[in-house]
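# Inside the fold
So you can see what is in the structure, the chains are spelled out below.
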Amino acid sequence: MTDEIIKTALLDRHMNEVFDWSDSKLPVRDALWDYFMEKNGRDTMKTEEDMLPFLKDSDDKIKAFVNENLKK
């Protein structure tokens, strides 16, 4: 169980702690959820499906995705 917590720790940090371009105090996980909800027309099931890979992805992959898709 400890390994899983460590793998997802980035998702629980605030956006402004991880990304110098963000001033949001929203956790990375919530920012991603909001992004997918908007993209999927508020389809919770589709958003949940889109979020699952992030639970296993490396921090570098998550950061790259956020930088590419959420950076304004």
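Described below are features of the structure shown in this document.

Criteria and cut-off values
- Residues numbered from 1 in each chain as written.
- Predicted model: local features only at pLDDT ≥ 70, side-chain atom pairs only at ≥ 80, totals over all residues.
- Heavy atoms only, no water.
- Core = buried A, V, L, I, M, F, W, Y, C linked by side-chain atoms within 4.5 Å.
- Buried < 20%, exposed > 50% of the residue type's maximum accessible area, 1.4 Å probe, protein only.
- Helix = DSSP H or I, 4+ residues; strand = E, 2+ residues; numbered from the N terminus.
- Contact = heavy atoms within 4.5 Å.
- Salt bridge = Lys/Arg side-chain N within 4 Å of Asp/Glu carboxyl O.
- Axes fitted to C-alpha atoms, helices over the stretch in contact; angles between N-to-C directions.
- Parallel < 35°, antiparallel > 145°, perpendicular 65-115°, else oblique.
- Left-handed = near helix turned anticlockwise from the far one by under 90°.
- Phe/Tyr/Trp six-rings, centres within 6.5 Å; stacked < 30°, edge-to-face > 60°.

On to the nonpolar core, then. Met15, Phe19, Val28, Leu32, Ile62, Val66 and Leu70 are the most contacted members of the largest nonpolar core, which totals 14 residues. Of all the elements in the fold, those that place two or more residues in this core are α2 (9-12), α3 (15-18), α4 (28-39) and α6 (59-69). Broken down by element, the residue count for this core peaks at 4 residues, all from α4. The residues contacting valine 28, other than those within four sequence positions of it, are Leu10, Leu11, Arg13, His14, Met15, Val18, Phe19, Ile62 and Val66.

Let's shift gears to unusual backbone geometry. Within the chain, arginine 42 stands out as a residue other than glycine whose phi angle is a positive 65 degrees. Structurally, arginine 42 can be placed in the loop between α4 and α5 (44-51).

The next thing to look at is the pattern of salt bridges. What the rule picks out here adds up to 5 salt bridges. Residue aspartate 12 is joined to arginine 29 by a salt bridge in which the shortest nitrogen-to-oxygen separation is 2.8 Å. Note that aspartate 12 is positioned in helix α2 and arginine 29 in helix α4, a separation of 17 residues in sequence. Judged by its relative accessible area of 47%, aspartate 12 falls in the partly exposed class. Here arginine 42 and glutamate 38 are joined by a salt bridge, their closest N and O atoms 2.4 Å apart. One network of salt bridges, with partners in common, ties together Lys46, Glu49 and Asp50.

Following both chains from N to C, one finds α4 and α5 inclined at 130 degrees, their axes separated by 9 Å at the closest point. The pairing of α4 with α5 is recorded here as oblique in orientation. The two elements α4 and α5 cross, and the hand of that crossing is right-handed. Of the residues in α5, those in contact with Arg29, Leu32, Trp33, Phe36 and Met37 of α4 are Thr44, Thr47, Glu48, Asp50 and Met51.

With that settled, the discussion passes to the environment of aspartate 34. Along the chain, aspartate 34 turns up in helix α4. Separated by 13 residues in sequence, aspartate 34 and threonine 47 have C-alpha atoms that sit 8.9 Å apart.

Once that is clear, we can look at the packing of aromatic side chains. Scanning all chains against the criterion turns up 6 aromatic pairs. Ring geometry for tyrosine 35 against phenylalanine 36: centres 5.1 Å apart, planes inclined by 70 degrees, an arrangement best described as edge-to-face. For tyrosine 35, a relative accessible area of 22% translates into the label partly exposed. For the pair phenylalanine 36 and phenylalanine 65, a centre-to-centre distance of 5.7 Å together with 25 degrees between the ring planes defines the contact as stacked. With phenylalanine 36 in helix α4 and phenylalanine 65 in helix α6, this pair connects stretches of sequence that are 29 residues apart. With relative accessibility at 23%, the residue phenylalanine 65 sits in the partly exposed group.

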